[in-house]
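Inside the fold
Residue-level listing of the chains:
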Amino acid sequence: MIDVVDLKKVYQMGLVEVGALKGVTIHIDKGEFVGIMGPSGSGKSTLLHQLGLLDTPSSGTIRLNSTEITRLSDEERTWYRLMHLGYVFQDYALVSELNVMENVAIPMIAQDRPIDECYEAAKSVLKEVGLLERKDHLVYELSGGEQQRVSIARALVNNPEIIFADEPCANLDTENSRVVLELFRSVNKDLGQTIVMVSHEPWHMEYFDRIIFIRDGVIDEERMRE
Amino acid sequence: MVHNGGFGRVSLYLAVRSIRRGNRSTLLLTILIIALVMVLMNFLSIIIGGVVTLYNDQMIDYQYSHIIIEPREKQTYISNADGLVKRLKGIPGVYGVTAHLSTGVTITNPNKGNFQSLSLVSYNPDDEQEVTQFQRVIIDGDDLSKGDTDQILIGALLAGKEDESLDKLPSLGGVKVGDRVTVAYNNGVVKSYRVKGIYESLHALIDHGAYVTKNEMDSVLKTSDIATEILVKGKSAEDAPDLKYTIMGFGVEEKVKTWSEKSQGILGDAIESLNLINTIMKVVALVVASVVIFIVTYINIINRKKQIGILKAIGIRKQIIEGSYLLQVLFQCACGAVVGILMLNGIVFALTINQIRFPMGYLVPVIDYSSVAFSIVLLCIVSLISAFIPARQVAGEEILDAMRG
């Protein structure tokens, strides 16, 4: 499903080149719930950004299903993100001018699908994450945990092939983190949804099928859940 | 692979919600700025419009009426004037006709010795009342009557003030009703007249004139049935061109001109100068508007940089994001235009209630809606450009940079 070969990412910091990824090669199967872990600055978020088409690698190839995404144009990458991928960010990344239902529906609306159909789909996903009764609220009226659940609902609404989650529990307390992780696990198990999640919390490992440890921009270790 | 549909719909969807739930203060401030710029762009226009209207009204009411008929080429007088007046009165759409006979004279105030050389105009008071408005602006004494022979009507500027330093134009030095003035005609006749009335139209050219009855001038000049001009009053100033061609169609061979054709040269240059100043002011206002709208939009967009990054991250095309900002600016322009028009009408209302007295009279401002429409279009174009630049700049940023805010 995801094939990454010799992926490198170099940042230009003035005159100095900093290698964030130094030749990463990984394979992720459809339906896996993969955790990418490592210390701060190890390159785990950078790797997720390359996989999720939010950034472009300096070299190497990424194949999502049969599409080599490193060869896509900017417009094609935008369209690919909309049609095939879902995102959950650390700071929820919700649009403050849209209410809960509109935030969830916006990826479908952007596909030019009928508004009613988008809202129905949004309500259905919001029901799954337990926030249907908050659909008309603005996002700032929700708690952090609720906002993250809205973010997950938005990632799910398009039935994406892969969900990328960048430290989705970093701003949540343990209780809310568990709610979010349980949600991810149920989506993974019940719907067979492929999820790639970055985390630095050791206790999150129990939720992943496989953990990829990264350190200094290279794969340090891969471990299956015990 | 790339889908291009839904561009306008999604932009509109985002724009509507941004307007409804975005920063109200910024929205109101932008609308207010656009409205004020619109007022600034049109304020001088409405004053100039008022001046032009005032000037035109004065020309029509006291000098030319709607149509002025002048002697044929190379002729000094209109011959068979009485017959022509009679014919003109019978033309449909003609509401009044008056014949003027004028001649050069020197008027002297015997009490002070002040004298002025000018063109003395004569008319038939009964006909004149149907065409001009002199009878309405008599500020002292009375209008001329048909049988008056030794009476003269003079303008306030010609009459002057006792203290001549207060006079705007050279005068007779403070002539009053009942005083006698001496008029020396070109043919050598010198005659004393009693000042019957003093009028004040507030138009300098008109108020420095003098009038006697046509019978009186005919008797002095030994003329009859001639005129130097014939004024014709129609239904309205706007209908003057049609009336002109109607009159010409009735076989009038004298020169037939409308009031606007006749008065073009006199104030035309001044109006053109004012219009040039007006255009410069509009350009300055547009530059100010574009800079202000650019700054407001830029700050607004910079504040929403993270939101733009989020939208791009979830797969919304940058053209849709740019489109949403352009639609928001169009909405702001539309609101600004409405508020601006209300403000302009408010100003016109206030200035109509509390009229400004200009040297030539009380000015009633006039809104030129074609000019207002043009300024709205210009403002929209400038605003769209001012909004497009920062929107494109931010929407074109890398997703992760934008998401960091």
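Quick note: structure is the one above.
Keep in mind it's a predicted model, so treat the numbers as computed, not measured.

1. Quick notes on the overall build of chain A
Looking only at helices and strands, chain A has six helices and 10 strands in total. Over its C-alpha trace chain A gives a radius of gyration of 17 Å, about what one expects of a compact globule, namely 17 Å for 226 residues. Seen through its C-alpha atoms, chain A measures out along the principal axes to roughly 50 × 40 × 35 Å. Looking at chain A as a whole, 51% of its 226 residues qualify as buried. Residue pairs in contact within chain A that sit at least 24 positions apart in sequence constitute 67% of those at least 6 positions apart.

2. Let's talk about the packing of helix 5 (residues 144-156) of chain A against helix 6 (residues 174-191) of chain A
Residue and element names in this part refer to chain A. It is the contact of helix 5 with helix 6, at a shortest axis distance of 9 Å, that shows an interaxial angle of 15 degrees. Relative to helix 6, the element helix 5 lies roughly parallel. Both helix 5 and helix 6 take part in a crossing whose hand is right-handed. Every residue of helix 6 that contacts helix 5 at Gly144, Gly145, Gln148, Arg149, Ile152 and Leu156 is listed here: Asn176, Val179, Val180, Leu183 and Val187. A per-class count over the contact of helix 5 with helix 6 returns six nonpolar, four polar and one charged.

3. Some points on the environment of B:Ser65
All names here are of chain B. If you trace the backbone, Ser65 turns up in the loop between helix 2 (24-64) and strand 1 (67-70). As a C-alpha pair, Ser65 and Gln116 span 51 residues in sequence and 26 Å in three-dimensional space. Setting aside anything within four residues of it in sequence, one finds Ser65 in contact with Ile60, Val131, Thr132, Leu231, Val232, Lys233 and Trp259.

4. Some points on the sheet that holds strand 1 (residues 2-13) of chain A
Within a sheet, adjacent strands bond to each other through the backbone by hydrogen bonds, running parallel or antiparallel. All names here are of chain A. One open sheet holds the four strands; their spatial order is 2-1-4-5, and the pairing between them is antiparallel. At either end of the open sheet lies a strand with only one pairing partner, and these are strand 2 (16-28) and strand 5 (67-68). Sheet topology places strand 1 next to strand 2; 10 bridges connect them, and they run antiparallel. Bridge assignment links Tyr11 to a residue of strand 2, and that residue is Val18. Contacts between helix 1 (residues 44-51) and the sheet are confined to strand 1, strand 2 and strand 4 (59-64), with strand 1 contributing the most and set at about 115 degrees to the helix.

Reading the values: the criteria
- Residues numbered from 1 in each chain as written.
- Chains lettered and ligands numbered in written order.
- Predicted model: local features only at pLDDT ≥ 70, side-chain atom pairs only at ≥ 80, totals over all residues.
- Helix = DSSP H or I, 4+ residues; strand = E, 2+ residues; numbered from the N terminus.
- Rg over C-alpha atoms; globule rule 2.2 N^0.38 Å.
- Buried ≥ 20, exposed ≤ 12 C-beta atoms within 10 Å, placed from the backbone.
- Contact = placed C-beta atoms within 7 Å.
- Axes fitted to C-alpha atoms, helices over the stretch in contact; angles between N-to-C directions.
- Parallel < 35°, antiparallel > 145°, perpendicular 65-115°, else oblique.
- Left-handed = near helix turned anticlockwise from the far one by under 90°.
- Nonpolar A, V, L, I, M, F, W, Y, C, P; charged D, E, K, R; others polar.
- Pairing = 2+ DSSP bridges.

Everything listed is a geometric property; what it means functionally is a separate question.
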